[in-house]
Amino acid sequence: MIAKKVAFLVVGCWLFSTSLSAAVIPPTAGPHTVSFSADQLTVKDSGTGYSAVVQVESRLTVGVLIGEPVFTCVASWKLLSVYAGDDGFDAGLTGSSQGSFSVTKLPASVLNDIVLYDVDIAYPLAPGLAIKNNRLMLCDAGIMKTAGSNKPSFNFPSSPSWSELFWNDISDRYEEPQRAKELYVDMLSAYEERSSEKSGFFSWMSSPADKWPASVQSASINLWAVKSWLRKSVRESAERAQREAEAFEKKKTTLVDRNGKAGDDAFDSFMTAVYQKDKAKRTFAELDQKKATKPDNAAADREKMIASLPNSTCADSESLARINGDWEAGGKMQKALGACAGQSFTAEFVATEECGGEYEHHGLGFGGPTISYFCGWSKHYFADRNGRQLTPAVYSLTTGFSDDGFAAVLKGDIDFDHSGWIRSTGDWQVINRHFDVVKSLDSTRYYVVHQSFRGNRLIFLDRDTNKYGALDGRFNVVIPAKYDSLDRFDAKLGTAKACNKTSRGKSECAQIDMRGKPTTAFR
């Protein structure tokens, strides 16, 4: 399956309950919500070697905002059983020949510490249709609640570009934008027809007729709490047996009476005590010999995961967080975007007097070699129109904000290569209008020409090929790097001059549009 993609939500007006017609993406549509039935799967925890059988139910909300796809999924899950380990030792501790045990044995505190995460769900193009590998719509279900909770996961709306909407497992690539639009129009129509009319409580016991199948493509789980509890329980049981055996020994029970006749009950109790004491000693030795190392994913914390969940919408995280909590959250959040979507956003990039990094300059004076120091760059912060500081002064460069409300920023030292290009020791980070980092740019390969956006396009250089291309306002590559030179776009005409050198060393140039399509012939 593909690597996760961070989705970005464009800004603009948001109208609702817009019907669809023909294979044309309307400016706005939806939101439409459909419930999906439980999908059962086995998830292995690589950190502990344990596995769990789980069921996942979900809801998907789909819509369109300013001609772009918008969707949100929320889910809940049940823990059915746990299998303890592959090496046989922990499996033997369960007392089951299969090495598994029912979750009813687990204390509530242990259940609360089991975290299911990175749940990727594939949804059909229409409720009730089979999910085909040649057209998968994937959605990350967000931060899951505890097992068995009737509350859905915590999530934010997503809006990938059309070129990253439907994954094709067969061709191992995304569907082309035009094909993705055609599929999404059909999907919206089907979801509008089957959209859930229910509100409020979402029950696991509701009729399957009210739900449709989805497929969990991948998930991760943290079962350290179970492993830790199992070993602790076994040790405590052994300690209890050892104490009982030692207490029996202290009683000095008479095993043979005056006539030399052995007392069967007393003798049996004595031998049982000896066996239990020896068994406890072996258990302690095995537990000490095969100590369990706490894996890195054992530190998973739901509150921290929620706090770090990227929000790439125009609404602030706190406002969306207040909406999270019920099964209608997807539709509610998408509707809430209407309050901020039409608002423009600007922020000034203000330099301070504080130097961000000094550079050495080696020269030659009358007295010999000299070394002087100068400030290479100042620390900057973002401010509003009134000059009020909005961020700490930690930035060195920025592209400025696009029409979609995103900007790339650089923290760290700036250096120049032999050609005079600015290069950096850090990565460009994409931030939203709330200054939250939502994405990292591959600055080792792509050099962002740090000029302001024009026509909502930003020129970049591919260091591997030394060719130029363009990014859109959400920092997706919309024009691949294939030109020897590429001018900035004319905001009014929506075109730019692109040139390539011929085999004879001459340049052939043409005007290209915002998607990279030539509007004039190369000559």
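Scroll up to find the structure this text is about.
All residue numbers refer to positions counted from 1 along the written sequence of the respective chain. Under the rules for a predicted model, residues below a pLDDT of 70 receive no local features and side-chain atom pairs below 80 are neither given nor counted, while totals for whole chains, interfaces and linings still include all residues. Where side-chain values are given, they derive from all heavy atoms of the structure, hydrogens and water being excluded.

### A look at the overall build of the protein chain
At step 1: Across its full length, the protein chain carries 9 helices and 24 strands.
At step 2: Within the span of the protein chain, comprising 523 residues, buried residues form 45% of the whole.
At step 3: In this analysis, two residues are considered to be in contact whenever any of their non-hydrogen atoms come within 4.5 Å of each other. Long-range pairs, those at least 24 residues apart, make up 59% of the contacts in the protein chain with a sequence separation of at least 6. Helix and strand definitions here come from DSSP, where helices need a minimum of 4 consecutive H or I residues and strands a minimum of 2 consecutive E residues; each element is numbered from the N-terminal end. Exposure classes here rest on a 1.4 Å probe applied to the protein chains alone. A residue is buried below 20% of its type maximum, exposed above 50%, and partly exposed in between.

### Examining the state of the cysteines
At step 1: Any two cysteine sulfur atoms lying within 2.5 Å of each other are counted as a disulfide. All told, the structure shown has 2 disulfides when counted by the stated rule.
At step 2: C73 shares a disulfide with C139; S-S distance 2.1 Å. Across the S-S bond of C73 and C139 the torsion is about -95°, and the bridge reads as left-handed. Of this pair, C73 sits in strand β3 (residues 68-83) while C139 sits in strand β6 (residues 137-140), and the two are 66 residues apart along the sequence. This pair shows no difference in class: C73 is buried, exactly as C139 is.
At step 3: Disulfide partner of C499: C509, at an S-S distance of 1.9 Å.

### Focus on the sheet that holds strand β9 (residues 215-222)
At step 1: Strands were regarded as paired on the criterion that DSSP finds at least two bridges between them. Strand order in the open sheet formed by 3 strands is β6-β5-β9, with antiparallel pairing between adjacent strands. Both edges of this open sheet fall to β6 and β9, since each of them pairs with a single strand only. Going from strand to strand, the sheet's axes swing by 15° on average, the running direction of each strand aside.
At step 2: The pairing of strand β5 (residues 115-123) with β9 spans 6 bridges and is classified as antiparallel. By the bridge assignment, A122 is partnered in β9 with S215. The axes are straight lines fitted to the C-alpha atoms, using for helices just the contacting stretch, and the angles between their N-to-C directions are given from 0 to 180°.

### Some words on the pairing of strand β2 (residues 51-65)
At step 1: In terms of residue burial, β2 counts as a mostly covered element, since 13 of its 15 residues are buried.
At step 2: Across 13 bridges, strand β1 (residues 28-44) lies against β2 in antiparallel orientation. Along β2, the bridge assignment pairs F36 with S58.
At step 3: Bridge analysis of β2 against β3 gives 15 bridges, and the strand direction is antiparallel.

### Some details on the sheet that holds strand β24 (residues 507-512)
Two modes of strand pairing occur in sheets, parallel and antiparallel, and in both the strands are linked by backbone hydrogen bonds.
At step 1: In spatial order, the strands read β22-β23-β24; together these 3 strands make up an open sheet with antiparallel pairing. At either margin of the open sheet sits one strand with a lone partner, and together these are β22 (485-486) and β24.
At step 2: Two elements, β22 and strand β23 (residues 496-501), share 2 bridges in a ladder whose sense is antiparallel. Bridge assignment links S485 to a residue of β23, and that residue is C499.

### Regarding the pattern of salt bridges
At step 1: One side-chain nitrogen of Lys or Arg within 4 Å of one carboxyl oxygen of Asp or Glu is enough to make a salt bridge. Tallied over the full model, the rule gives 8 salt bridges.
At step 2: Salt-bridge contacts for E68 lead to R474; the nearest nitrogen and oxygen are separated by 3.0 Å. Note that E68 is positioned in strand β3 and R474 in the loop between β20 (467-471) and β21 (477-483), a separation of 406 residues in sequence. With respect to burial, E68 and R474 carry one shared label: buried.
At step 3: Between E176 and R173 there is a salt bridge; the shortest N-O distance is 3.8 Å.

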